[in-house]
Every structure is written in C-alpha cells, then in structure tokens.
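Residue-level structural notes
Read off the chains here:
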Amino acid sequence: MPKLERGKASLPSSSFSPVVVQMETDSEESPFSSSSSSEGEEEEVGRVSDDEDERNDEEAVEGEEEDRAKKRRKAPITISLKKVCKVCKGTGHEAGFRGATYIDCPRKPCFLCKRPGHTTMSCPHRVAMEHGVIPAPRRNADTSLDYIFKRQLKAKIPMIKPTFVIPDHLDCGIIRFHSRRVTCLEFHPTRTHVLLSGDKKGQLGIWDYGKLHEKTVYGSIHSCIVNNMKFNLENDGVLYTSSSDGTVRCTDLETGTSFFLLDLNPEGWNGPATWRMLYGMDINVEKGLLLVADNFGYLYLVDGRLKTRIAGPILIHKKGSKVVGLHCNPVQPDLFLSCGNDHFARIWDARRLEAESSLASLAHGRVVNSAYFSPLTGNKILTTSQDNRIRVWDSIFGNLESPSREIVHSHDFNRHLTPFRAEWDPKDPSESLAVIGRYISENYEGVALHPIDFIDMSTGKLVAEVMNTDITTISPVTKLHPRDDVLASGSSRSLFIWKPKGGKSPEQQLLEGKSKKIFGRVEKKSSGKLDGESDDDFDFSSKEKKLRAKNLEGKYLSGQKKG
DNA sequence: AAGTGATGTAACC
DNA sequence: TGGTTACCCTCACT
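Residue numbers run consecutively from 1 along every chain, following the written order of its sequence. Here the convention is simple: chains get letters from A, ligands get numbers from 1, in the order in which they are written. Restriction of local features to residues with pLDDT of at least 70 applies here, the model being predicted, together with a cutoff of 80 or more for giving and counting side-chain atom pairs; totals for whole chains, interfaces and linings are based on all residues. Side-chain measures here rest on the full set of heavy atoms in the structure, leaving out hydrogens and waters.

**What to know about the sheet that holds strand β29 (residues 433-437)**
Formally: Paired strands, as defined in this entry, are two strands with at least two bridges between them according to DSSP. Only DSSP runs of H or I with at least four residues qualify as helices, and only runs of E with at least two residues qualify as strands; both kinds are numbered from the N terminus onward.
With respect to topology, 4 strands assemble into an open sheet ordered β28-β29-β32-β33, the strand pairing being antiparallel. Among the strands making up the open sheet, the edge pair consists of β28 (423-424) and β33 (461-466). Sheet topology places β28 next to β29; 2 bridges connect them, and they run antiparallel. Looking at the pairing, Trp424 lines up with Ala434 of β29.

Following this line, the structure appears as structure tokens:
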C-alpha cells in the first residue's frame with residue numbers, strides 16, 4: 001500500500017518555553033503523591049509540576065480536566081519525579097497493569113460499558129459467566145408480514161433449543177504463519193479441513209489443518225489489507241478477495257494466479273483523498289453478482305461471470321465515510337445489509353437501488369464493525385459496534401427502530417487491531433449462538449488472557465469463554481466452520497483451530513509458520529529464582545514464565561496427549 | 001528491556 | 001469546513 005502522506009508534526013514555537021527540569025526534595029513532596037508505592041521514584045516527562053495544580057488533583061472533576069489541559073499546553077514543560085496516571089495525568093492513582101490485572105483510571109468512564117461512575121472492575125456488565133443485557137424498551141411489534149413469515153418458517157425452527165457444542169479446546173495452530181496480522185478467515189466450502197486467511201500485507205494463506213503441515217502463502221495477491229474473501233459459487237477453486245488496495249481479485253487457489261475483477265485505483269497513488277479502498281464484499285447467490293463498497297460511502301456491483309462492473313458508484317452511506325461491511329440475505333439475496341463509519345447499518349433492496357433508498361437505517365452509538373443476517377432464516381440481524389455493544393434485531397419485518405437486545409461486550413479497540421465482528425454460528429438451528437473475540441483481558445491464573453466469547457444472543461448470556469495460556473494475544477478474527485464443530489481464530493500473525501473437548505483430534509500441535517522461534521519470549525528460560533512468588537498479582541513475569549514453561553513442555557516436538 | 005512505530009477515528013480548533 | 005492532534009489493556013521489532 002502506498003504510504004499515507006503525513007503532515008510533519010510542527011510545534012507552535014511561540015507557545016512552548018524551554019524545558020525546565022524540576023527536582024523535588026523530600027520535604028516538598030505533596031501529601032497526595034503515591035506514598036504506598038514500595039518502588040523507587042519514577043520519572044515522568046512532560047508533566048507540569050505546579051503546586052497549586054497538584055493540590056487540586058485529588059478533587060479534580062472532569063470539567064476541570066479540560067481547563068488544566070489547556071493550561072498545560074501553555075505552561076512551561078518540566079520534568080516531575082512524581083508518579084502520574086498515564087491516562088488522566090493526575091496523581092494519587094495509576095492506570096495500568098498490576099500483574100495480569102488491569103486497573104482503570106478512576107476518573108474516566110468505565111472502559112467496558114462507557115458509563116461514568118465506576119471502573120471496569122466493578123462494572124455491572126463485567127464479563128462473567130453471565131453478560132449484562134440491556135433489554136429493549138419495547139418488544140418488537142409484529143406486523144402482518146412478520147406473522148406470515150413466522151408461520152412459514154416456524155416449522156423449520158426447532159422448539160427446543162439445542163445444547164451448544166463449543167469448540168473450546170485448542171487443537172492446533174501455526175505460529176507466525178503470516179508476516180503481518182491476520183485480517184480475515186474463511187473455511188473452504190467443500191474441502192473440509194482447508195482454512196483460508198488474509199493479512200494486512202495483502203497475502204493469502206491456505207492451510208489444510210487436517211494434514212497440519214500442508215500450508216501455502218501466496219505473497220502477491222494484493223498490495224495491502226485483504227478485507228474480505230468469498231468463494232466463486234460455481235467453482236470453489238476460485239476465491240474473490242477485496243482489499244484496501246482498491247481491487248477485487250479473482251484467485252485460482254491451486255496455482256495462486258489472480259486477476260482483477262475491479263480496480264478502483266487505475267491511476268495509481270495520488271494521495272489519500274483519491275485512493276479508494278474496498279472493505280465490505282458479498283455475493284448475490286442468485287445473480288452471481290459481487291457487491292463491494294469503498295471508503296467513500298459507495299457501492300459497486302460486479303458481474304462475476306462477465307467480469308465487468310455493472311453498477312456503481314451508488315452512495316449508500318454518508319459521503320466520504322467508510323463502508324465496512326456488506327451481507328446478502330441468505331433467503332432473499334436481493335436484500336442486503338451494509339454498515340459503516342457513519343454509525344449506521346442499513347437494509348437495501350438490490351432491485352431498487354439508489355442513494356437514500358434504504359429500507360431501514362439502524363442507528364448505533366459509534367462505528368459499526370459488522371452487520372449480519374442470521375444464517376438460516378435471514379430474519380434476524382446481528383451487529384457489532386465500537387460503542388462496545390453487540391445488538392440483535394429479532395425480526396427484519398418487525399420494528400427496526402431499536403434493537404431487540406443490546407449486549408455490552410469489550411471489543412472497541414481499533415487502531416492497531418483488526419476490527420472485531422460478532423458472527424452467527426451457521427450450525428445453530430435456533431440462530432442464537434454468536435462468537436466474538438474479546439479485547440479486554442482477564443486475569444487467568446496470573447496471566448492476562450483475551451478469551452474468545454460464545455454468546456447466546458437470545459438471552460445475552462455468555463455461554464463460553466475460550467482461551468489457552470499459549471495464546472496471550474488478542475483474537476479479533478474468528479470463524480466458525482459451516483458444518484463441523486470447529487472454530488478458527490486469527491491472533492496477530494498466527495492461526496489457531498479449536499475443537500470441542502473430547503473431539504477426535506489426538507494431539508495438540510503448534511507449528512512454526514516462518515521463524516524458528518516459538519513464542520519468542522518463551523525461549524528465554526526463567527532464570528532460577530523467582531522473587532515474590534507469593535505475591536500473586538504483582539509478579540506477572542515470573543508467573544507467566546512458569547505457566548508457559550509448564551505448558552510448552554514437550555508439546556511442540558512430540559505433541560501432547562489430551563487430558 | 002524501555003523505546004518505537006505502524007495506524008484509524010473523533011474531537012478539537 | 002479541513003487540518004491537526006490525542007489516544008486506556010497492541011504487538012513485534014530494536
């Protein structure tokens with residue numbers, strides 16, 4: 001991808017005085033500074049040390065925060081030796097990890113539910129085995145259309161909800177398979193053990209996890225982020241991919257050769273104002289039509305057989321805003337969902353497409369990462385938004401003004417991670433189970449882990465949190481197998497396959513993708529003495545090393561018998 | 001083993 | 001309105 005032009009960071013020269021280093025003597029120490037700390041003094045650069053300021057800190061309310069921020073900009077820069085909260089710059093507390101537990105800044109709204117007055121630790125929506133659910137203010141009023149729809153489908157929907165089978169056991173994986181972070185995953189529609197993966201660099205991975213060692217990376221499919229993958233319906237040896245390089249490519253999986261179906265940047269790089277990126281993509285099954293949408297709010301239709309663009313650009317979201325997702329209804333493919341950075345998800349009819357012609361607009365608190373129709377009936381909608389809420393609309397024929405349920409769930413980090421997307425379990429006949437990775441970590445026996453959550457969207461309950469002490473990174477990309485009880489997850493540059501406990505897989509094996517290192521840091525053996533062993537929460541590194549050493553024993557060479 | 005940088009969005013002015 | 005800047009749990013590199 002061409003490098004984005006970045007303005008040089010220029011300091012307003014007149015408003016900054018020379019740096020002053022101010023040492024603080026013991027006698028001058030503020031009574032509000034952290035006195036409980038057993039560790040020595042730490043330096044903090046850039047903090048204005050001003051006695052008046054310090055004293056106010058303890059009672060500071062959020063309004064004053066802004067004033068102080070303004071003051072700070074104009075006041076001389078000094079270096080203070082006091083401990084300072086990295087979030088609010090106040091003293092008397094510190095946000096950050098204490099061992100494997102993250103302590104929030106108490107002056108900021110809750111990091112999970114975004115409401116003020118408490119922190120993540122005491123949030124009523126804190127992820128436990130039961131999720132917080134915000135009920136809809138009113139039930140969806142049934143329309144007559146809804147009634148008919150329900151009657152037609154009711155016979156197909158089992159009355160008794162099945163017990164969910166959760167693939168919660170790490171089966172195998174490839175460490176550092178990709179050279180950049182994984183951005184999307186897709187199971188091959190007919191070759192059961194084949195997993196396709198796209199990455200930030202534009203590469204395409206193919207892995208047969210049944211044969212474990214059979215894996216390929218095609219390096220030159222796209223020039224940057226692969227955002228979406230879809231199989232050609234007539235020939236599943238062919239894959240369509242959409243990318244931030246502004247192209248849709250059609251790739252032969254056997255040979256790795258590919259060609260453009262659509263190129264929105266034929267002129268090349270002329271700056272970010274004109275460079276088009278393709279995020280959302282789906283296929284209209286009935287018509288063999290490819291739907292893609294760009295970062296300026298426009299939709300394009302491409303005929304997969306004729307290999308030509310047949311429509312677009314059509315403005316479907318706020319002009320200039322990114323469309324991040326598209327999904328065709330599984331029952332009525334002419335209906336499709338779009339979602340984007342303008343905080344909306346929209347329902348459209350492909351037969352009557354023009355700007356402003358959406359059938360419904362679903363409002364969200366922030367950017368909508370994804371919007372999906374339910375996999376069997378296509379009657380429900382599941383969305384993931386950056387406001388840390390997963391929403392469900394129980395019927396597209398009902399009242400769409402507000403969701404049927406909102407579930408508070410931590411997934412709002414987006415600067416350096418692939419956006420999280422809650423996805424339906426395609427095998428769940430009751431259309432209620434969904435998977436999504438979790439951003440916020442949980443202290444799991446002294447190690448900070450980021451589980452993959454299975455949520456029953458009909459009740460809002462957390463059905464399972466899937467994790468493994470070998471995987472300490474976040475798993476923003478998850479995919480459930482269309483037929484098997486298998487979960488694939490993409491975490492950083494690695495891929496993992498999960499199966500239910502007691503599944504057929506005899507061993508857990510983690511292959512190396514490229515580097516000879518396996519979990520790099522683990523190679524460094526914890527050297528001898530572990531100090532502070534009894535101090536559970538405060539000795540992250542040694543505890544982690546111990547755990548990992550235990551976990552890694554013999555695993556990579558010989559495989560590990562499952563317990 | 002602290003520092004660094006690649007990055008997207010929203011809140012500023 | 002556009003351009004600049006701040007940003008809370010990253011991750012993998014030095």
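**Some remarks on the side chain of Thr101**
Rules: Polar contact is the term for a pair of N or O atoms within 3.5 Å; when the atoms are in protein, one must be able to donate a hydrogen and the other to accept it, and sequence-neighboring residues count only if both atoms are side-chain atoms.
Counting through the fold element by element, Thr101 comes out in strand β5 (residues 101-103). Within the local environment of Thr101, its side chain forms a polar contact with the side chain of Asn443, the two groups lying 2.8 Å apart.

**Observations concerning the protein's contact with DNA strand C**
Threshold: Being near a molecule or strand, for a residue, comes down to having at least one heavy atom within 4 Å of it. Charged means Asp, Glu, Lys or Arg here, nonpolar means Ala, Val, Leu, Ile, Met, Phe, Trp, Tyr, Cys or Pro, and polar covers whatever is left, Gly included.
The full set close to DNA strand C counts 20 residues, and Arg415, Ile440, Ser441, Ile474 and Ser492 are the nearest of them. Between a base nitrogen of DNA strand C and a main-chain N or O atom of Pro109, the distance comes to 3.0 Å. The contact in question runs from a base oxygen of DNA strand C to an N or O atom on the side chain of Ser441, over 2.8 Å. A per-class count over the surface near DNA strand C returns 9 nonpolar, 6 polar and 5 charged.

**Structural notes on the layout of surface pockets**
The condition that has to hold: The pocket and cavity definitions rest on a 1 Å grid over protein atoms only: a 1.4 Å probe that fits but cannot leave marks a cavity, an open set with protein on both sides within 12 Å along at least five of seven lines marks a pocket, and residues lining either have an atom within 4 Å of a point. Grid points are joined across faces, edges and corners, and a volume is the space filled by probe spheres set on the points.
Considered as a void within the structure, the largest pocket measures approximately 1,200 Å³ in volume. In this structure, the largest pocket is lined by 43 residues; those nearest its centre are Glu186, Lys230, Asp282, His327 and Lys479.

**Quick notes on the packing of aromatic side chains**
Spelled out, the test is: Under the pairing criterion, centres of Phe, Tyr and Trp rings, with the six-membered ring standing for Trp, must be within 6.5 Å; the plane angle then separates stacked pairs below 30 degrees from edge-to-face pairs above 60, leaving the rest tilted. Each residue is assigned to one of three classes by its accessible area relative to the maximum for its type, calculated with a 1.4 Å probe on protein chains only: buried under 20%, partly exposed between the two thresholds, exposed over 50%. Placement of a positive charge over a ring is assigned whenever Lys NZ or Arg CZ falls within 6 Å of the ring centre and within 35 degrees of the normal to the ring plane.
Going through the model one piece at a time under the given rule, you end up with 6 aromatic pairs. Judged by centre distance (6.5 Å) and plane angle (15°), the ring pair of Phe336 and Trp348 falls under stacked. Placement of Phe336 in strand β21 (residues 335-340) and of Trp348 in strand β22 (residues 344-349) is noted, with a sequence separation of 12 residues between them. Residue classification places Phe336 among the buried residues on the basis of a relative accessible area of 0%. The exposure class of Trp348 is buried, given its relative accessible area of 1%. Of note, Lys114 hangs over the ring of Phe111, and the distance from its end group to the ring centre comes to 4.6 Å. One residue, Arg249, lies across the ring of Phe260, its end atom 4.2 Å from the ring centre.

**Topic: the UniProt feature "repeat: WD" (unreviewed entry) in chain A**
For the record, the criterion: UniProt positions are given in the numbering used here, feature names are shortened, and annotations may be inferred rather than shown by experiment.
Here the UniProt feature "repeat: WD" (unreviewed entry) sits at residues 175-208 and 361-394. Secondary structure across residues 175-208 divides into 0% helix and 53% strand, with the first and last C-alpha atoms of the span separated by 15 Å. What you have in residues 361-394 is 0% helix and 56% strand, and the ends, taken at the C-alpha atoms, are 15 Å apart.

**A short note on the domain arrangement of chain A**
Our working definition: Residue ranges for the domains originate in an automatic or database domain assignment. Two parts placed together each lose some accessible area under a 1.4 Å probe, and adding up what both lose gives the buried area. Here a salt bridge means any side-chain nitrogen of Lys or Arg lying within 4 Å of a carboxyl oxygen belonging to Asp or Glu.
The domain architecture assigned to chain A consists of domain 1 (92-127) and domain 2 (167-503). A C-alpha centroid distance of 30 Å is found between domain 1 and domain 2. The junction of domain 1 with domain 2 conceals about 1,100 Å² of combined surface from both sides, 58% of it contributed by carbon and sulfur atoms. Taken together, the connections running from domain 1 to domain 2 amount to 1 salt bridge. Residue Lys114 pairs with Asp412 through a salt bridge whose shortest N-O separation is 2.6 Å. For the interface between domain 1 and domain 2, the tally reads 5 residue pairs in polar contact (both at pLDDT 80 or more).

**Concerning the pairing of strand β18 (residues 298-303)**
Where burial is concerned, most of β18 is hidden: 6 out of the 6 residues are buried. Burial along β18 is two-sided: the face carrying Tyr298, Tyr300 and Val302 and the face carrying Leu299, Leu301 and Asp303 are both buried. In the sheet, strand β17 (residues 289-294) pairs with β18 via 5 bridges, with the strands oriented antiparallel. The residue of β18 that forms the bridge with Leu290 is Val302. As consecutive antiparallel partners, β17 and β18 are separated by 3 residues, and within that stretch Gly297 has a phi angle of approximately 100°, a positive value. With 5 bridges joining them, β18 and strand β19 (residues 308-315) adopt antiparallel strand pairing. Counted as the bridge partner of Leu299 is Ile314 from β19. Two successive antiparallel strands, β18 and β19, enclose a turn made up of 4 residues, where Lys307 displays a positive phi of approximately 60°.

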